[in-house]
Amino acid sequence: MSLRIGDTAPDFTAQTTQGTLNFHEWIGDSWCILFSHPKDFTPVCTTELGYMARLKPEFDKRNTKIIGLSVDPVDNHAAWAKDIEETQGTAPNYPMIGDDKLEVAKLYDMLPAEESGSAEGRTPADNATVRSVFIIGPDKKVKAMLVYPMTSGRDFNEVMRLLDSIQLNAKHTVATPVNWRPGDDVIIPPAVSDEEAKKKYPEGFTTIKPYLRTVKQPQ
């Protein structure tokens with residue numbers, strides 16, 4: 001299947017480092033970030049997993065659960081976690097899915113559905129496309145997707161910025177401009193008329209063009 005923004009995130013039951021979980025049930029009423037890795041004991045992913053563990057309190061503040069995935073068995077993840085703690089200072093403090101049968105990677109269109117075999121004997125290069133980030137809402141819909149090459153570490157501060165933007169839109173129906181940071185002015189979407197905007201923002205807004213109106217970020 002081809003996965004797009006707005007689609008329902010595929011549900012699954014999987015073994016993780018924190019036990020067996022049903023994905024949709026585990027998300028519950030929270031937001032979720034699912035991020036994937038092509039293989040355990042890979043250098044770039046080692047740095048990413050440690051950094052996400054340090055960022056977890058910030059995601060907790062945003063009612064957002066973190067879950068990782070790697071194309072290897074859960075037992076391998078436990079051994080890898082020791083390396084991550086030793087080299088990055090923090091071990092993963094969120095579940096890591098063991099996707100040794102490639103089932104979730106295929107379900108999320110990170111590997112072709114017709115791909116045969118299991119994780120055994122596969123190299124990171126074989127799984128190079130299993131390098132995605134999915135932001136999923138409490139409604140279980142995919143809100144954003146990012147895909148990275150194996151050689152480029154992900155910027156999870158940017159993922160958090162993107163999450164802040166999406167959550168702000170979900171709460172206030174606003175858009176965020178280029179290079180937006182929390183606290184910056186936001187954009188009133190064209191679907192909101194001037195009359196509606198005046199009621200919603202009695203303190204006023206700035207009209208740059210009829211289709212480009214900015215306002216202070218709602219709290």
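For the structure, check the block above.
Residues numbered from 1 in each chain as written. Predicted model: local features only at pLDDT ≥ 70, side-chain atom pairs only at ≥ 80, totals over all residues. Heavy atoms only, no water.

K.L.:
Help me understand the pairing of strand S1 (residues 13–16) in this model?
P.N.:
The two faces of the sheet receive side chains in turn, since in a regular strand these alternate between them. Here S1 shows a clear split, with Ala14 and Thr16 buried on one side and none of Thr13 and Gln15 buried on the other. Two elements, S1 and strand S2 (residues 19–22), share four bridges in a ladder whose sense is antiparallel. Bridging across to S2, Thr13 finds its partner in Asn22. As consecutive antiparallel partners, S1 and S2 are separated by two residues. (Buried < 20%, exposed > 50% of the residue type's maximum accessible area, 1.4 Å probe, protein only. Helix = DSSP H or I, 4+ residues; strand = E, 2+ residues; numbered from the N terminus. Pairing = 2+ DSSP bridges.)

K.L.:
Even after reading the chapter, I still don't get the packing of helix H2 (residues 43–61) against helix H5 (residues 156–172), so can you show me in this structure?
P.N.:
Describing two packed helices takes the angle between their axes plus the distance from one axis to the other. Their axes nearest at 10 Å, the elements H2 and H5 cross at an angle of 35°. Between H2 and H5 lies a crossing of right-handed hand. Across from Glu48, Tyr51, Met52, Leu55, Glu58 and Phe59 in H2, the residues of H5 making contact are Phe156, Asn157, Met160 and Leu163. Its residues placed into classes, the contact of H2 with H5 shows seven nonpolar, one polar and two charged. (Axes fitted to C-alpha atoms, helices over the stretch in contact; angles between N-to-C directions. Left-handed = near helix turned anticlockwise from the far one by under 90°. Contact = heavy atoms within 4.5 Å. Nonpolar A, V, L, I, M, F, W, Y, C, P; charged D, E, K, R; others polar.)

K.L.:
Please explain the pattern of salt bridges as it appears in this structure.
P.N.:
When the charged atoms of two side chains with opposite charge come close together, those side chains can pair. Taken as a whole and judged by the stated rule, the model has eleven salt bridges. Close ionic contact of Lys39 with Asp72 constitutes a salt bridge, the shortest N to O distance being 3.2 Å. Of this pair, Lys39 sits in the loop between strand S3 (31–37) and H2 while Asp72 sits in the loop between strand S4 (64–70) and helix H3 (74–88), placing them 33 residues apart in sequence. Just as Lys39 is buried, Asp72 falls in that class too. The partner of Glu115 in a salt bridge is Arg122, with the nearest N and O atoms 3.0 Å apart. Of the residues examined, Arg122 reaches a relative accessible area of 10% and is grouped as buried. Linked by salt bridges that have partners in common, Glu58, Lys61, Arg62 and Asp164 make up one network. (Salt bridge = Lys/Arg side-chain N within 4 Å of Asp/Glu carboxyl O.)

K.L.:
Hey, could you run me through the nonpolar core in this one?
P.N.:
Across soluble globular proteins, nonpolar side chains show a tendency to be buried alongside one another. Counting residues in hydrophobic clusters, the biggest one holds 25 residues, and the most contacted among them are Phe23, Leu34, Ile67, Ile97, Tyr108 and Ile136. For this core, the secondary structure elements donating two or more residues are helix H1 (23–27), S3, S4, helix H4 (103–107) and strand S6 (132–136). With three residues, the single largest contributor to this core is H1. Residues contacting Ile67, with those up to four places away along its chain left out, are Leu21, Phe23, Trp26, Cys32, Ile33, Leu34, Phe35, Pro95 and Ile97. With 23 residues, the next largest nonpolar core counts Ile33, Ala53, Leu163 and Ile166 among its residues. (Core = buried A, V, L, I, M, F, W, Y, C linked by side-chain atoms within 4.5 Å.)

K.L.:
It is not clear to me how H3 should be interpreted in this structure. Could you clarify?
P.N.:
In an α-helix, one turn spans 3.6 residues; hence positions three or four apart end up facing the same way. Spanning 15 residues, H3 covers 20 Å between terminal C-alpha atoms, matching the ideal 21 Å at 1.5 Å per step. Among all positions of H3, only His77, Trp80, Ala81 and Ile84 are buried. Summarising the contacts, the buried residues of H3 are in contact with H2, S4 and strand S5 (96–98). Directly beyond the C-terminal end of H3, a positive phi value near 90° is found at Gly89. (Expected span 1.5 Å × (residues − 1).)

K.L.:
I would appreciate a short explanation of the packing of aromatic side chains in the present structure.
P.N.:
Geometrically, a pair of aromatic rings is defined through the distance of the ring centres and the angle of the planes. Going through the model one piece at a time under the given rule, you end up with eight aromatic pairs. Plain terms: the ring middles of Phe23 and Trp26 are 6.4 Å apart, the flat faces sit at 20° to each other, and that makes the pair stacked. Pair noted here: Phe23 and Trp26 are both in helix H1, with a separation of three residues, about one helical turn. Exposure class is identical for Phe23 and Trp26. Each is buried. (Phe/Tyr/Trp six-rings, centres within 6.5 Å; stacked < 30°, edge-to-face > 60°.)

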